[in-house]
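Residue-level structure breakdown
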Amino acid sequence: MEFAASEYEIKKVLNYFERLCAIPHGSGNEEQAANMLCEFAKEHSLEYYKDEYNNVLIKKDGSIGREGEPSLMLQGHIDMVCEKNKDTVHDFSRDPLSLYVSDGLLRAKGTTLGGDDGIAVAYMMAFLEDETLSHPPLECLFTSGEETGMLGAMNFDYSKVSSRRIINMDSEEEGKVTMSCAGAADLLLEKSFERIGSKGRALKISVTGLAGGHSGTEINENRSNAIRIMGRLLARLYSDTPFNLCAVNGGNKRNAIPRECEAQIYVLDSDKAIRIVQEESEKIRGEISKADKGMKIRCQKGDTDFPALTYKDSSAVINVMTLSPNGVISMSPDSLGLVRCSSNLGRISTSENKIVAEVMARSSSDSEMDALIIVFKRLSKLLDMSATLSDRHPGWDYDPKSQLADKYVTIYDRLYGSEGKRAERCAIHAGLECGIIIGALGGETDAISIGPNIYNIHTPDEALDLASVKRTYDLLVAMLGEL
Ligand SMILES: [Zn+2]
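Residues numbered from 1 in each chain as written. Predicted model: local features only at pLDDT ≥ 70, side-chain atom pairs only at ≥ 80, totals over all residues. Heavy atoms only, no water.

Remarks on the coordination of the zinc ion
- The coordination sphere of the zinc ion, as far as protein atoms go, consists of His-77 (NE2), Asp-116 (OD), Asp-170 (OD) and Asp-170 (OD), spread over 1.9 to 2.8 Å.
- In this structure, the zinc ion is coordinated by four donor atoms arranged in irregular fashion, with angles at the metal of 50 to 142 degrees.
- Every donor residue of the zinc ion comes from the same chain, spaced as H-x38-D-x53-D. In this pair, Asp-116 sits in helix α4 (residues 115–129) while Asp-170 sits in the loop between β7 (165–168) and β8 (176–178), placing the two residues 54 residues apart along the sequence. (Donors = N, O, S within 2.8 Å, 3.2 Å for Na, K, Ca; no water. Tetrahedral: all angles 85-135°; square planar, octahedral: opposite > 155°, others 65-115°. Helix = DSSP H or I, 4+ residues; strand = E, 2+ residues; numbered from the N terminus.)

As structure tokens, then:
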């Protein structure tokens, strides 16, 4: 690939990026890329370690005179999200990405670029190779499976590292230094039942057209949850005229705010029931946010004769839909305007003899997550349901005294303040590998997450801003020199 003169100074970084892009490295398919990193370490006589998850750790001694300093971990993930345009012929398990530069942006033809997080891999390789830099002892951790549940970071053996300072390079906005992220836990609430013969008239109620969104980063935007709205409609109806539920299904996954939900019930007076649902729908319509104005609630007579749940079981299902903690639970006490703890009732599904509700809880505070899990367990007891907890990983709580963050802000403002740029401290209510790594290394670990500008990640329009790659490279070099 040819680069413009301004890009020449980061040619080494971009060459390593190209080297990675020549090898398939979608999530779950990292082995070749991990082997490439081991080969690279051998070429440069660096100590390395690869595990069965295809995580790779490469260590480098401190530069001359700095060998005895505490080590610093640099970290990013090897794997990329594999998305392509409909008309693009590309096999992510085999084909190299086809890179090109236009208007200072690096892209891949018709596919995701994997700048998230290939640029971190390239930065680390450039620093490991460079004999002219001043730096403390480095521990570069290349993780796998980040995009599909952070499997690599969850399973790495952290006794292999001694660093208690981490620079993670998996953020996508230059100048922003992330200092906190949310941990998460999945909760499964289940209830078994036996069906009885149907009586009354079948009605189908549907909620559609809601905006939905990411269950972490968009949980504070007052978006309506379709399962919650359905729960309210059913609860209102049940309080006027008890009915037998036949099925309720809504949402697709735990980590998305559900946009749709559908219920089938049997009622004795269907006309009255339709009137009540319409009345309640109008009230809801008056309350919802602008983003959800496309909401449609329909209530129609149906003709199913599938057996139904008893009144008691129907009522218990309405209870889980209305009583599960949902949305923002608490805000961070620091001034970042950040959600600290939240919960998303993301999916509900009915099978022949079981109803399953799936919840994703997030919290940057582990103690608050503990408390929320207890609430869910008590609720499940109350509703005579089983509650199963899985995939819990720790949060990364905001530390206003982070020395790494102070350093980043000082150096960024010194280097780029004259261009009118200013560093900004921030936090996200979503997962980052930092949470897992800090959880494993212990509370005293200082960490930040940074990165150059990458636009439209996880889509075929993904674009890496090369001028920003250069500024971030220079900033990292300065940080290595001064840490
Ligand atoms: Zn990433």
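Alright, that's what it looks like, and here's the rest.
Focus: a negative patch on the surface
- Taken together, the side chains of Asp-366, Asp-397, Asp-399 and Glu-444 define an acidic patch exposed on the protein surface.
- By secondary structure assignment, the location of Asp-366 is in helix α9 (residues 366–382). (Patch = residues over 30% accessible without salt bridge, like charges linked within 9 Å, V, L, I, M, F, W, Y side chains within 5 Å. Areas by Shrake-Rupley, 256 points an atom, 1.4 Å probe, with all protein chains shown as cover. Salt bridge = Lys/Arg side-chain N within 4 Å of Asp/Glu carboxyl O. Lys, Arg positive; Asp, Glu negative; His and termini not counted. Charge placed at Lys NZ, Arg CZ, Asp CG, Glu CD.)

Let's talk about the side chain of His-135
- Topologically, His-135 is positioned in the loop between α4 and β6 (138–143).
- Note on His-135: relative accessible area 1%, which makes it buried.
- Within the structure, the side chain of His-135 is placed 3.3 Å from the side chain of Lys-60, a separation counted as a polar contact. (Buried < 20%, exposed > 50% of the residue type's maximum accessible area, 1.4 Å probe, protein only. Polar contact = N/O pair within 3.5 Å; in protein donor to acceptor, adjacent residues only side chain to side chain.)

So, the domain arrangement of the protein chain
- In terms of domains, the protein chain is made up of domain 1 (5–181 + 397–482) and domain 2 (185–393).
- Listed as interface residues are 13 residues of domain 1 and, on the opposing side, 16 residues of domain 2.
- Taken over both partners, the interface formed by domain 1 and domain 2 buries close to 1100 Å², and the fraction arising from carbon and sulfur atoms is 66%.
- When the buried surface of domain 1 facing domain 2 is broken down by residue, Asp-397, Tyr-398 and His-429 rank first, second and third, together holding 53% of it. (Domains from an automatic or database assignment. Contact = heavy atoms within 4.5 Å. Buried area = accessible area lost by both parts, 1.4 Å probe.)

Some words on the sheet that holds strand β23 (residues 463–465)
- Strand order in the open sheet formed by four strands is β4-β5-β23-β22, and the pairing between neighbours is antiparallel. A strand with exactly one partner marks an edge of an open sheet, and here the two such strands are β4 (99–102) and β22 (454–455).
- As paired strands, β4 and strand β5 (residues 105–108) are joined by four bridges and run antiparallel to one another. Looking at the pairing, Val-101 lines up with Leu-106 of β5. (Pairing = 2+ DSSP bridges.)

Here we look at the packing of aromatic side chains
- Under the definition given, this model contains nine aromatic pairs.
- For the pair Tyr-16 and Phe-40, a centre-to-centre distance of 5.5 Å together with 85 degrees between the ring planes defines the contact as edge-to-face. One end of the pair, Tyr-16, is in helix α2 (residues 11–21); the other, Phe-40, is in helix α3 (residues 31–43), and 24 residues separate them in sequence.
- Ring centres of Tyr-408 and Tyr-412 lie 5.8 Å apart, and the angle between their planes is 15 degrees; this geometry places the pair in the stacked category. Of the two residues, Tyr-408 and Tyr-412 both sit in helix α10 (residues 403–416), four residues apart, roughly one turn of that helix.
- The exposure class assigned to Tyr-412 is buried, which follows from its relative accessible area of 3%. (Phe/Tyr/Trp six-rings, centres within 6.5 Å; stacked < 30°, edge-to-face > 60°.)

Focus: the pattern of salt bridges
- Within this structure, the stated rule accounts for 32 salt bridges.
- The salt bridge partner of Glu-43 is Arg-19, with a shortest N-O separation of 3.3 Å. Of this pair, Glu-43 sits in helix α3 while Arg-19 sits in helix α2, and the two are 24 residues apart along the sequence.
- Arg-19 sits in the partly exposed class, given a relative accessible area of 29%.
- Across the pair Asp-413 and Arg-422 runs a salt bridge whose closest N-O atoms are separated by 3.8 Å.
- Of the residues examined, Arg-422 reaches a relative accessible area of 58% and is grouped as exposed.
- Via salt bridges that share partners, Arg-232, Arg-236, Asp-240, Glu-279, Glu-280, Lys-283 and Glu-287 belong to a single interconnected network.

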